[in-house]
Amino acid sequence: MAEIDAAGRSTRELNSAIRRLIAESSKEITVRNPGARHNLAVAILDEVHILVGGSVGYYCGGLIDGASIEIEGSAGWGVAESMLSGTVRVHGNVGSGAAAAIRGGTVVIHGDAAARLGVSMKGGTVIVAGNCGYMAGFMAQKGTLIVCGDAGEAFADSMYATTCYVGGKIANLGTDAVLAPLDSSEAEQLEQTLTCYLPPSLRGAKPAAADFKKVVAGRKLWNFDKRDWRIWQEAL
Amino acid sequence: MCGIVGYLNKVGTEPRTIGSILLAMLNSLACRGPDSAGVALFGEPRPHQLVAQVKLGENGDDRERAGEIQTIVEKFGARDFTQTGAYLRFVFTETDDLTTFIAGVEAAGKDVEVVSVGRRLELVKQVGSPACLEKTFGISGFHGKHGIGHTRLSTESVVDLSHSQPFWSHGYPDLAIVHNGHITNYHQLRRRYEQRGIRFYTENDSEIVAVFLGDKLRQGADLPAAMQSTIAELDGSFSCLVATEGALGFVKDPFSLKPLVFAETDSFVAVATEEIAIRGAIPGDFSVSEAQAGEMRVWQR
């Protein structure tokens, strides 16, 4: 396993070092002492596993396609933003805009997420073991957003066709977000996803899949209809 | 941009000074605010005495004016004068009539400003980096349990000492704030306060946060209630840290437009714009969380 010590090195140097190791066919790379710095391991297009031994700053794992990134601490704003495929796992909490605009892949957060989780996601799966903050799933288009704990205000506002599942309480639903029935085959699929991605210690403490609430778009905002002008007045 | 930091030592066993911890935190955020830097530090109080930090003028080192001010403040029992950079610092006898004291000092010149007054509070700020701040004031030698700091990237008003942060709530001892963001109903609120005779020292919208909180506390609100009312009454984006003689707190706007993270353990509370400021200054295994939209927290020392 290749190891990089981030202490005292610039972000550009570190990302170059990661790319150099990948070019030399490393499949397992560990970055020590990340010190919560920004823009680590962005736009990695190869199937490698990068373990970051601590907290990262903004945009870690952004734009990746195929890589697997594991962050042992917490992450700042925009973790995994616009990723295409691969996995980003964060052991701690994440800042605002986590998994924003992802097109595919899986983002797993063991802790809590701040505001705007998974906004405008266009595919992929986001799993938060803890709670999420304000306006998660805003304008999300495709994919699956799973929050095992509580969801903050304006949840799933103005969505297109993303499916959301919430294990805890929802502070309030956003514009045009509606609760939908969760049938048994879907609950089974959700259970499989949670079992597959969450460590047993985290999964054990969360509600059973059948008790999750399912939230989808009410489709009122999909097409403009002047008879529905009230909903447009309230929509952001 | 702008970077804000705050630290509160809960147990009193931290070997490093509050000044050195805040300086280390600010250094990590220097790139977020290259224009100016400042800290509001809370030391040990002296019985029945207040500490004043007075800006002598925009031109800095002005010995003649320092002499004039010394004469003016003699009647307030002022002593222990020291002059550092553009500042004259002194101790004076506690008074209920700070308004007269401030007006007296500021009569010495139109660019003279009483930058802070408090039993514990000492506020220094200037144009330049946190490293420059340390060079001028040696803040790392300051002992205390809590404080806040700021690095500024000016987006709406001039870059000079008075427009730098932290802001003291002029006339309210020991209340200081740092703010990252924009207060968009600033002009409306400012007009309302000015109609009541409250003086503004700068064109910086962040000053309104200090004025707002000072006003609420004067009306009898406690600190958490005063801070909670910013959510409903201030518009725009704000992550603010507030420090008083006995407390440190933060409040974040309801849209969560500006970053703010915090860490709390049995021994300390650290709050900063970015986690890099906390990890760079405080070793150990502890978790950091981003504050949620509209979240407010206050820790008593």
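Everything discussed here concerns the structure shown above.
Criteria and cut-off values
Residues numbered from 1 in each chain as written. Chains lettered and ligands numbered in written order. Predicted model: local features only at pLDDT ≥ 70, side-chain atom pairs only at ≥ 80, totals over all residues. Helix = DSSP H or I, 4+ residues; strand = E, 2+ residues; numbered from the N terminus. Rg over C-alpha atoms; globule rule 2.2 N^0.38 Å. Buried ≥ 20, exposed ≤ 12 C-beta atoms within 10 Å, placed from the backbone. Contact = placed C-beta atoms within 7 Å. Arc of directions from axis to C-beta. Pairing = 2+ DSSP bridges. Expected span 1.5 Å × (residues − 1). Axes fitted to C-alpha atoms, helices over the stretch in contact; angles between N-to-C directions.

Peer 1: Tell me what's going on with the overall build of chain A, and back it up with residues and numbers.
Peer 2: Each helix and strand in chain A was counted, giving four helices and 11 strands. Taking 2.2 N^0.38 as the reference for a compact globule, 236 residues should give roughly 18 Å; the C-alpha atoms of chain A span a radius of gyration of 18 Å, in line with that estimate. Across its three principal directions, the C-alpha atoms of chain A cover 60 × 40 × 25 Å. Looking at chain A residue by residue over its 236 residues, the buried ones come to 52%. In chain A, once contacts between residues fewer than 6 apart in sequence are set aside, the share between residues at least 24 apart is 23%.

Peer 1: How would you explain the overall build of chain B if you had to name every residue and give the values?
Peer 2: Within chain B, the regular secondary structure consists of eight helices and 16 strands. Over its C-alpha atoms chain B spans a radius of gyration of 18 Å, differing by no more than 12% from the 19 Å that the globule rule assigns to 301 residues. With the principal axes as the frame, chain B shows a C-alpha extent of 50 × 45 × 35 Å. For chain B, the residues scored as buried account for 51% of the 301 residues in total. For chain B, long-range pairs separated by at least 24 residues make up 74% of all intrachain contacts whose partners lie at least 6 apart in sequence.

Peer 1: Break down helix H7 (residues 223-233) of chain B for me, with residues and values.
Peer 2: All names here are of chain B. If you check which residues of H7 are buried, you get Leu223, Ala226, Met227 and Thr230. Viewed end-on, H7 has its buried residues packed into an arc of 95 degrees, placing them on one side of the element. Residues of H7 that are buried sit in contact with helix H6 (207-218), strand E11 (236-244), strand E12 (247-252) and strand E16 (296-300).

Peer 1: Describe the interface of chain B and chain A, listing the residues and the values that go with them.
Peer 2: Across the contact, 14 residues belong to chain B and 18 residues belong to chain A. Mapped onto the side of chain B that touches chain A, the elements with two or more residues apiece are helix H8 (275-281) and strand E15 (289-290) of chain B. No other element matches the four residues that H8 of chain B contributes to the side of chain B that touches chain A.

Peer 1: So what about the pairing of strand E14 (residues 268-272) of chain B? Which residues, and what values?
Peer 2: Along a regular strand, successive side chains alternate from one face of the sheet to the other. All names here are of chain B. Burial analysis of E14 places five of its five residues in the buried class, which makes it a mostly covered element. Of the two faces of E14, the one carrying Phe268, Ala270 and Ala272 and the one carrying Val269 and Val271 are both buried. Bridge count for strand E1 (residues 3-9) against E14 is five bridges, and the pairing is antiparallel. Bridging from a neighbouring strand, Gly6 pairs with Val271 of E14. Bridge count for strand E13 (residues 261-264) against E14 is four bridges, and the pairing is antiparallel. Among the inter-strand pairings, Glu264 is bridged to a residue of E14, identified as Val269.

Peer 1: If you had to explain the sheet that holds strand E10 (residues 176-183) of chain B to someone new, which residues and values would you point to?
Peer 2: All names here are of chain B. Pairing in this open sheet of five strands is antiparallel, and the strands run E9-E10-E11-E12-E16 from one edge to the other. Strands at the two margins of the open sheet, each flanked by one partner only, are strand E9 (167-168) and E16. Bridge analysis of E10 against E11 gives eight bridges, and the strand direction is antiparallel. Note that in E11 the partner of His179 across the bridge is Cys240.

Peer 1: So what's going on with H6 of chain B? Which residues, and what values?
Peer 2: All names here are of chain B. With 12 residues, H6 extends 17 Å between its outermost C-alpha atoms, agreeing within 8% with the 16 Å of an ideal straight helix rising 1.5 Å per residue. Most of H6 sits out of view: nine of its 12 residues are buried. For H6, every residue scored as buried is listed here: Glu207, Ile208, Val209, Ala210, Val211, Phe212, Leu213, Gly214 and Lys216. Elements in contact with the buried residues of H6: E9, E10, helix H5 (186-195), H7 and E11. Just past H6, the residue Gly220 takes up positive phi, approximately 105 degrees.

Peer 1: Provide a residue-level description of the sheet that holds strand E3 (residues 49-55) of chain B, including the pertinent values.
Peer 2: Residues and elements named next belong to chain B. Pairing is antiparallel across the open sheet formed by four strands, whose spatial order is E4-E5-E3-E6. In the strand order of this sheet, the two ends are held by strand E4 (79-84) and strand E6 (113-118), each with one partner. Direction aside, neighbouring strands of the sheet carry axes that sit 20 degrees apart on average. Bridge count between E4 and strand E5 (residues 87-93): four bridges; the pairing is antiparallel. Each residue of the ladder has a partner; that of Thr82, found in E5, is Arg89. Sheet strands touched by helix H2 (residues 63-73): E3, E4 and E5. Its angle to E5, the strand with the most contacts, is close to 10 degrees.

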